[in-house]
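What follows is the residue order along each chain.
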Amino acid sequence: MVTEYRIYKPIKAIDFLKSMHLSSKNIYKLFSLNALSTTKIIKEQDILENEILYINFSLLETNEELVPVKGKIDIIYEDSNFIALDKKANILIHSDGITNNTLLNYVVYYLQDKYDDSYPRPLHRIDYEAQGVVLFSKNVLAQAYVSYLLETNKVYKRYNVISMGHFPKETNNIKLNIAKDRHNSKKYIVNANGKEAITNIKLIKYIKNNSLLDINIITGRPHQIRVTLSYLGYPIINDSLYNQNKVNGNLMLLSKEFKFTFNNETIDLISKQNIEEL
């Protein structure tokens, strides 16, 4: 697929790709394949200014090698760089090596069905049991840049949660260290030797004996919200790993918002799902 990028200020073509944190390997390949153009083929040292740069990613890779599987997807955003889905509970984002009934395979089918040869990749993960926003890139440039944003904590990630108990109104910024549980490979625990996990928690309201919470995670550790709330004594409802109470329905964890800036444009992805209706 050919994707266009508006270039405003003067910049060398190679420096533009570097500014998007594309790997040296892929930069070399794109120029070798003559994949960049305006009204002419663009080389590494060409200056771009106030014009549209076209990049033909199909010369680099296509989705023909991926496995398409027909399945229902709820698209909340799509352009030439990204496709965002509103994930339902209990579905894999990508293959676990056993099944291809995953969102990634559904996206491949959707793209191939409309003759779009973009190569999709999931850019982040939410738990199998969770619901909400999941973002996929459609080319290596989009993947590289958002991966950089995630690694440097420059993506705004907001979640809705219903937890057990009455969460304290004054509790908000929580800093813990989280590590893998040596006794249970599926779980994570609070451990002084783990990686720092920063979680901002805001109480929205009490629902009988439970709490509706709005949570912004600054870092992105595995099971960060689930571990943090369990450690504080307010485990998420229907959390089979971190809540000892009987599971009766979906995990009450919703990836509500994922916001970032790409090529001078703010993209704000919001799930249509309501945590109180799951």
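This text gives an overview of the structure that appears in the document. Counting restarts for each chain, with residues numbered from 1 along the sequence as it is written. pLDDT decides what is reported in this predicted model: residues at 70 or higher carry local features, side-chain atom pairs at 80 or more are listed and counted, and totals for whole chains, interfaces and linings draw on all residues regardless. Side-chain measures here rest on the full set of heavy atoms in the structure, leaving out hydrogens and waters.

1. A short note on the overall build of the chain
A run of DSSP states H or I qualifies as a helix once it reaches four residues; a run of E qualifies as a strand once it reaches two. Both are numbered from the N-terminal end. In terms of regular secondary structure, the chain is built from 5 helices and 16 strands. A principal-axis box enclosing the C-alpha atoms of the chain has dimensions of 65 × 40 × 35 Å. Considering the chain as a whole, with its 278 residues, one finds that 47% of them fall into the buried category. For this analysis, residues touch if any pair of their heavy atoms sits within 4.5 Å. Looking at the chain alone, contacts between residues at least 24 apart form 65% of all its contacts between residues at least 6 apart. Total accessible area on the chain stands at roughly 14300 Å², and carbon and sulfur atoms take up 47% of it. Side-chain charges of the chain comprise 35 positive and 30 negative groups, with the mean position of each set lying 6 Å from the other. The buried label goes to any residue with under 20% of its type's maximum accessible area, the exposed label to any with over 50%, and the partly exposed label to all in between, with areas taken from a 1.4 Å probe on protein chains only. Under the convention used here, a 1.4 Å probe and the Shrake-Rupley method define accessible areas, while residue burial counts only the protein chains that appear. Under this rule, positive means Lys or Arg and negative means Asp or Glu; His and the chain ends count for nothing. Every charge is mapped to an atom, namely NZ of Lys, CZ of Arg, CG of Asp or CD of Glu.

2. Points about the sheet that holds strand β5 (residues 51-56)
Criterion used throughout: strands pair if DSSP finds at least two bridges between them. Overall, antiparallel pairing links the 3 strands, which are arranged β1-β5-β3 in an open sheet. Taken across any chain shown, the strands that pair with only one partner, and hence form the sheet edges, are β1 (2-7) and β3 (36-37). The pairing of β1 with β5 spans 6 bridges and is antiparallel. Across the sheet, the residue bridging to I7 is E51, located in β5.

3. Regarding unusual backbone geometry
Comment: phi is negative for the bulk of residues other than glycine, and the bulk of peptide bonds are trans. The phi angle at N90 is positive, at roughly 60°, despite the residue not being glycine. Inspection of the secondary structure puts N90 in the loop between β7 (82-87) and α3 (103-113). According to the relative accessible area criterion, N90 is partly exposed, its value standing at 41%. The residue N264 is not glycine, and still its phi comes out positive at about 70°. Relative to the helices and strands, N264 is located in the loop between β15 (253-262) and β16 (265-270).

4. Focus on α3
Here α3 has its buried residues at L103, L104, N105, Y106, V107, V108 and L111. On its buried side, α3 packs onto β6 (75-78), β7, β8 (121-122) and β9 (131-137). Positive backbone phi, at 60°, marks Y115, one or two positions downstream of α3.

5. Considerations on the side chain of E257
Position of E257 among the secondary structure elements: in strand β15. Taking the relative accessible area as the measure of exposure, E257 reaches 8% and is therefore buried. Among the polar contacts listed, one links the side chain of E257 to the side chain of R158, at a separation of 2.8 Å. If near-sequence neighbours (up to four positions away) are discounted, E257 is found in contact with Y156, K157, R158, D268, L269 and I270. Counting of polar contacts relies on pairs of N or O atoms within 3.5 Å, with two restrictions inside protein: one atom must be capable of donating a hydrogen and the other of accepting it, and residues adjacent in sequence are counted only when both atoms are side-chain atoms.

6. Here we look at the packing of aromatic side chains
Ring geometry is summarised as follows: Phe, Tyr and Trp rings, the Trp one being its six-membered ring, pair when their centres sit within 6.5 Å, and such pairs are stacked at plane angles under 30 degrees, edge-to-face over 60 and tilted between the two. Taken as a whole and assessed by the stated rule, the structure comprises 8 aromatic pairs. Taking 5.3 Å as the distance between ring centres and 75° as the angle between the ring planes, the aromatic pair formed by F82 and F260 counts as edge-to-face. Of the two residues, F82 sits in strand β7 while F260 sits in strand β15, which places them 178 residues apart along the sequence. Residue classification places F82 among the buried residues on the basis of a relative accessible area of 0%. Pairing Y145 with F262 gives two aromatic rings, centres 5.8 Å apart and planes at 65°, and the pair type is edge-to-face. In this pair, Y145 sits in helix α4 (residues 140-151) while F262 sits in strand β15, placing the two residues 117 residues apart along the sequence.

7. Re helix α5 (residues 224-232)
Of all the positions in α5, only Q224, I225, R226, V227, T228 and L229 are classed as buried. At the exit of α5 stands G233, carrying a positive phi of roughly 95°.

8. Some points on the pattern of salt bridges
We define a salt bridge as a side-chain nitrogen of Lys or Arg found within 4 Å of a carboxyl oxygen belonging to Asp or Glu. This model, assessed by the stated rule, comprises 11 salt bridges. Note that E129 and R226 form a salt bridge whose closest N and O atoms lie 3.4 Å from each other. Within this pair, whereas E129 is found in the loop between β8 and β9, its partner R226 is found in helix α5, the two being separated by 97 residues in sequence. For the salt bridge of K205 with E276, the shortest nitrogen-to-oxygen distance reads 3.3 Å. With K205 in strand β13 (residues 195-207) and E276 in the segment after β16, this residue pair connects regions lying 71 residues apart in the sequence. You can call K205 partly exposed: its relative accessible area is 36%. When salt bridges with common partners are traced through the structure, they connect E78, K114, D116 and K138 into a single cluster.

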